[in-house]
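# Observations on the model geometry
Given next are the chains, with one letter for each unit.
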Amino acid sequence: MDGRLSPRNAFLVLMAALFVAFVTVPLICMVLGVPLARLGRYLHDPMVVDSLALTLKTTLISVPIVVALGSPLAYLLARREFWGKQVLDALVDLPMSMPPVVMGFALLMTFAPLGPIGSVLKGMGIEVVFTTAAVIIAQVMMAAPLYVKAARTGFESVDDSLLRASLVLGASRWRTFLRVTLPLSAGGVITGVILAWARAAGEFCATITFAGNMPKTTQTAPVAVFVGVNQDLSVGVTLATILLAFSFAVLLGARILLKRSPR
Amino acid sequence: MLDLQVRKRLRDFELQIALSVPAGETLAVIGPSGAGKTSVLALIAGLMTPDEGRIVVGDRVLFDSARRINVPPEQRLLGYVLQEYALFPHMTVLRNIEYGMEARRMPRDEIARRSAETMRMLGISHLAGVRPTRISGGERQRVALARAIAAGGQVLLLDEPLAALDAQTRQNARGDLRRVIQSVGVAAVFVTHDYVDALAFGDRICVIDRGEVVQMGSQEDLLLRPKARFVAEFMGVNFLHGTAQPPQDGVSKVLVDGIEVSTTLEEPGEVFLAFSPVDVTLSAEPPAGSAQNVFRATVTALLQLGGRIRVDLDAGFPLVAELTPDSVARLGLEIGSNVYASFKATAIEAYR
């Protein structure tokens, strides 16, 4: 048992190959549809450019919000026992297990001018629904659980005795977190950031329900793909392929980075 | 100087302990696993809060339930070698050692000086740039010790500092550790489940079981005059509890579970008898010497302990002998062997 593949693993390899084919064949078929001859023109299509820019802009805001809001929660879930932890745990998973359209609808009910929060905001002259803010809120909601889960795993992997050692050596709780907990859980936290970013950048259903489909303000790349496929197939396919390439590069890069980082 | 007197309700029992360790002295706390040994250290370090009591180091009150004082662990300034060492795996040996001094905001040049000095004392200077995951168990133990003493607290807590080492390394590490503890002159509390460690380190030894101090005293007290079978077993000495008969010809018989043991005791009555395993002789034939106590015994266990072998016997009562490996080989001892075990009346310490 030296961990190498052997002929005895034939069945496993076959099933794994089926899985790989299942994932890659449709993506390859899509990429084959890219209008290579007219690619230059499509790359400059305002729909492609604007939606990608909006996606980048919104995720650069939503992912830091996810990290800021999700880290304390992930830490509590990882390192403390408290009443109602199971319930909280289930709540964290909820947005992930619900159809995104439901989550978008819930946000709409909340922030609509007649909704409980929307009416208050309206009184202050703030509109959320069908604005870029709504895009960000939808992304935070859908991406946060992924971050919390990954960061929690990271925090859990830090041996409790190291934290005790740090305290006894005279380091404050905050210093202990920065110097011991965070570096040792970096793998989980970085994975969480990447998963959250991928989920936020790919958010479609809650966004279109809650924020709509307005070029430059709420039409993110996934929304543009959907619209594009209905209007001009080539725009949709080009955009989808760019998203695919970018996601794959980020996921692969992150893995290489994590493997190299000394632990 | 460490002074503590605390009470803490743990899950299965109440920990109740009072002890005092002067600077330069080592107190060995020994007991079976689950006796509350680590909790004693956690209470001193502030990782656990006593229900009641007082902890004082020198003139600093670290905890006093009556005055509602509870100094947080990061301000107690103690050295603590945790079980399995708990070295930071993402820092080099040097960074590990500097960690506590940085947290205490010592000047940069003093940190450099002290860490270099401590590493030199422990012979680990060549490991400065290496990560603790890449060094041996014995080296890790020394790094943990260096980290604990570099910042210069007045109290050093050690939780099973030798338990993670293999037998050979352990032998060497024991001597080194003892030398270092003595040279830094702190009040040290050394927790162990191994009586050999307790004997090697403890100026005084405190035996605890289920949160209570069973006996506290010098090595001699515990070896020669254990107050309970539990202590005797822990210290690896033979212990019998019986009734002495009036002496005849300078020898008195003590009845132990229907067996007679000869002693030099003079007063009749209830007594404890203790004698060292080294004083028990084993032979294949009935011995011809002057030992008054001879028993047929069966070997129940053999245990290598450093350069000697500890032989557990059943002689109608539990008996322990300590032999050289040569003798064990010559007698062909193995579990189930039948031998004659003998010991002199004069080897027995009898006390009430």
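Refer to the structure presented above.
Cut-off values and rules
Residues numbered from 1 in each chain as written. Chains lettered and ligands numbered in written order. Predicted model: local features only at pLDDT ≥ 70, side-chain atom pairs only at ≥ 80, totals over all residues. Heavy atoms only, no water. Helix = DSSP H or I, 4+ residues; strand = E, 2+ residues; numbered from the N terminus. Buried < 20%, exposed > 50% of the residue type's maximum accessible area, 1.4 Å probe, protein only. Contact = heavy atoms within 4.5 Å. Areas by Shrake-Rupley, 256 points an atom, 1.4 Å probe, with all protein chains shown as cover. Core = buried A, V, L, I, M, F, W, Y, C linked by side-chain atoms within 4.5 Å. Pairing = 2+ DSSP bridges. Axes fitted to C-alpha atoms, helices over the stretch in contact; angles between N-to-C directions.

Scanning chain A from N- to C-terminus turns up 13 helices and 0 strands. Ordered by position in the sequence, the α and β elements of chain A form the string α-α-α-α-α-α-α-α-α-α-α-α-α. By its C-alpha atoms, chain A is 65 × 65 × 30 Å across when sized along the principal axes. By the burial criterion, 39% of the 263 residues in chain A qualify as buried. Across chain A, every contact between residues at least 6 apart in sequence was considered, and the portion connecting residues at least 24 apart equals 73%. Roughly 14700 Å² of accessible area belongs to chain A as shown, and the carbon and sulfur atoms make up 74% of that amount.

Turning our eyes to something else, we now look at the nonpolar core. The nonpolar side chains of a soluble globular protein tend to be buried with one another. Counting residues in hydrophobic clusters, the biggest one holds 46 residues, and the most contacted among them are Leu2, Ile44, Leu78, Phe88, Leu157 and Val189 of chain B. Ranked by residues supplied to this core, first place goes to helix 1 (residues 37-45) of chain B with 5 residues. If sequence neighbours within four positions are ignored, leucine 78 of chain B has contacts with Val168 of chain A together with Ile44, Ala45, Val57, Leu62, Arg104, Val155 and Leu157 of chain B. If you look at the next biggest cluster of nonpolar residues, it comprises 35 residues, including Ala150, Leu158, Leu162 and Ala200 of chain B.

Residue and element names in this part refer to chain B. Here 5 strands make up an open sheet; going across it, the order is 14-13-12-15-21 and the pairing antiparallel. The open sheet has two edge strands with one neighbour each: strand 14 (259-263) and strand 21 (349-351). The mean angle between the axes of side-by-side strands here comes to 40°, regardless of whether they run parallel or antiparallel. In this structure, strand 15 (residues 269-275) lies alongside strand 21, joined through 3 bridges in antiparallel fashion. Along strand 21, the bridge assignment pairs leucine 273 with alanine 350.

Note that every value here comes from positions in space, so none of it alone points to a role or purpose.
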